[in-house]
Amino acid sequence: MYSSLSDCLIKTIRSEGYFGMYRGAAVNLTLVTPEKAIKLAANDFFRHHLSKDGKKLTLLREMLAGCGAGTCQVIVTTPMEMLKIQLQDAGRIEAQKKLMAAQAQLSSSPAAAAAAAAEPAVERRPTATQITRELLRSKGIAGLYKGLGATLLRDVPFSIVYFPLFANLNKLGQKDPNVKAPFYVSFLSGCVAGSTAAVAVNPCDVIKTRLQSLQRGVNEDTYSGILDCTKKIWQREGPTAFFKGAYCRALVIAPLFGIAQVVYFVGIAEFLLDLLPKHQA
């Protein structure tokens, strides 16, 4: 449906308006904070337990810590991605229906076209709450975790790449091993590590998105699982299809993880917690 990032941007604004680009933002704003908190805290937890012998963490142990962090975060990531994709798909499917209706009017008789144009267009786009209720009613809690395997397939390798790369880049900015790196070094390290990991696992993200999409447009395939999805994409769209959206995803992930690492390493959360009144025992 879209040939490039700019084509997608133009078509989305034309069919849904400027705020159509923010569909699913409320879900992200609600769940991205606990997701990042779990991811960063879990990585530190596993790094701490893997370095109890007092030795410097090897690359393998850093990767194992990242693996544990990626596994823990899917508790929040899977339902967040599931709801976000449904909200974004609703706009895409609606735009496709409008296009097909317009084409049908052009090919039909003038009288039929005039009658169709006279009918008021009623758009019914679901909210995140409505989608959640429907999934829980029809499929139970498992409905929110559709695509769990594909999410693990994306998030575990992402964390395996991201955390060791970030740690080693961040060390380059430390003048003393016992002193934290400047905040801008943590930010830049998070940006570079995040964008690198995002591009590396983009094929897994494409598969996950296809599997979690409940609504299908015209001529769009249905998939029975990860292997079936991979096979159909490869056969019908070619290997380059696995890197669709990689550039856009890297642009989003880079500042997201840069900011998250600055907040985490500078200790903003601890500072805010210290401002809360303390209960005396």
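Residues numbered from 1 in each chain as written. Predicted model: local features only at pLDDT ≥ 70, side-chain atom pairs only at ≥ 80, totals over all residues. Heavy atoms only, no water.

## Describing the overall build of the chain
Then step 1. Helix and strand counts for the chain stand at 12 helices and 0 strands.
Then step 2. Beginning at the N terminus, the succession of helices and strands in the chain can be written as α-α-α-α-α-α-α-α-α-α-α-α.
Then step 3. Expressed as a percentage of the 281 residues in the chain, the buried residues total 38%.
Then step 4. Across the chain, every contact between residues at least 6 apart in sequence was considered, and the portion connecting residues at least 24 apart equals 76%.
Then step 5. Counting every atom, the chain has about 16,700 Å² of accessible surface; 66% of that belongs to carbon and sulfur. (Helix = DSSP H or I, 4+ residues; strand = E, 2+ residues; numbered from the N terminus. Buried < 20%, exposed > 50% of the residue type's maximum accessible area, 1.4 Å probe, protein only. Contact = heavy atoms within 4.5 Å. Areas by Shrake-Rupley, 256 points an atom, 1.4 Å probe, with all protein chains shown as cover.)

## Some remarks on the pattern of salt bridges
Then step 1. For the structure on display, the rule yields 13 salt bridges.
Then step 2. E81 is paired through a salt bridge with K208; the nearest N and O atoms lie 2.9 Å apart. Here K208 lies in helix α9 (residues 202–212) and E81 lies in helix α3 (residues 59–107), a separation of 127 residues in the sequence.
Then step 3. E134 is the salt-bridge partner of R137, the closest N and O atoms lying 2.7 Å from each other. In this pair, R137 and E134 both sit in helix α5 (residues 128–139), 3 residues apart, roughly one turn of the helix.
Then step 4. Taking the relative accessible area as the measure of exposure, R137 reaches 63% and is therefore exposed. (Salt bridge = Lys/Arg side-chain N within 4 Å of Asp/Glu carboxyl O.)

## Some words on the packing of aromatic side chains
Then step 1. Under the criterion given, the structure shown has 8 aromatic pairs.
Then step 2. Taken together, a centroid distance of 5.8 Å and an interplanar angle of 15° make the contact between F158 and Y162 stacked. Remark: Y162 and F158 occur in helix α7 (residues 148–171); sequence separation between them is 4 residues, near one turn of the helix.
Then step 3. Between Y162 and F257, the ring centres sit 4.7 Å apart and the planes meet at 55°, which makes this aromatic pair tilted. (Phe/Tyr/Trp six-rings, centres within 6.5 Å; stacked < 30°, edge-to-face > 60°.)

## Remarks on helix α8 (residues 183–200)
Owing to its 3.6 residues per turn, the α-helix aligns residues three or four sequence positions apart on the same side.
Then step 1. Taking 1.5 Å per residue, 18 residues should reach 26 Å; α8 reaches 26 Å between its end C-alpha atoms and fits that length.
Then step 2. All of the buried residues in α8 are V185, S186, S189, G190, C191, A193, G194, A197 and A198. (Expected span 1.5 Å × (residues − 1).)

## Observations concerning helix α10 (residues 226–237)
Then step 1. Here α10 contains 12 residues, and its C-alpha end-to-end distance of 16 Å stays within 8% of the 16 Å for a straight helix at 1.5 Å per residue.
Then step 2. Here α10 has its buried residues at C229, K232 and I233. Each buried residue of α10 lies within a common arc of 100° when the element is viewed along its axis, so the set occupies one face. Exposed side of α10, more than 90 degrees from the buried face: L227, K231, W234 and Q235 are the residues found there.
Then step 3. On its buried side, α10 packs onto α9.
Then step 4. Just past α10, the residue G238 takes up positive phi, approximately 85°. (Arc of directions from axis to C-beta.)

## Side note on the side chain of D205
Then step 1. Residue placement: D205 occurs in helix α9.
Then step 2. Residue D205 is classed as buried on the basis of its relative accessible area of 11%.
Then step 3. Setting aside chain neighbours within four positions, we find D205 in contact with R154 and R249.

## A few points about the packing of α7 against α8
Then step 1. Between α7 and α8, the shortest axis-to-axis distance is 8 Å and the interhelical angle comes to 150°. By the angle between their directions, the pair α7 and α8 is classed as roughly antiparallel. Our pair here, α7 against α8, has a crossing hand that is right-handed. Counted together, F158, V161, Y162, L165, F166, L169 and N170 of α7 and V185, S186, S189, G190, V192, A193, G194, T196, A197 and A198 of α8 form the full contact between these two elements. (Axes fitted to C-alpha atoms, helices over the stretch in contact; angles between N-to-C directions. Parallel < 35°, antiparallel > 145°, perpendicular 65-115°, else oblique. Left-handed = near helix turned anticlockwise from the far one by under 90°.)

## A short note on the nonpolar core
Then step 1. The biggest cluster of nonpolar side chains holds 14 residues, and the ones touching the most others in it are F158, Y162, F163, I253 and F257.
Then step 2. Where this core is concerned, the elements lending two or more residues are α2 (25–50), α7, α8 and α11 (246–266).
Then step 3. Take this core: its biggest share by element is 4 residues, from α7.
Then step 4. Ignoring any residue separated from it by four or fewer positions in sequence, one finds F257 in contact with K36, K39, F158, Y162 and G190. (Core = buried A, V, L, I, M, F, W, Y, C linked by side-chain atoms within 4.5 Å.)

## Overview of the confidence of the model for the chain
Then step 1. In this model, the chain carries an average pLDDT of 80, and 76% of its residues clear a pLDDT of 70 or more.
Then step 2. Counted against residues more than four places away or in other chains, residues 116–121, with its pLDDT under 50, gives 2 contacts. (pLDDT = per-residue confidence, 0-100.)

## Brief notes about the side chain of S159
Then step 1. Note on placement: S159 falls in helix α7.
Then step 2. Within the structure, the side chain of S159 is placed 3.1 Å from the side chain of K39, a separation counted as a polar contact.
Then step 3. In contact with S159, other than residues within four places in its own chain, are K39, G66, A69, G70, Q73 and P164. (Polar contact = N/O pair within 3.5 Å; in protein donor to acceptor, adjacent residues only side chain to side chain.)

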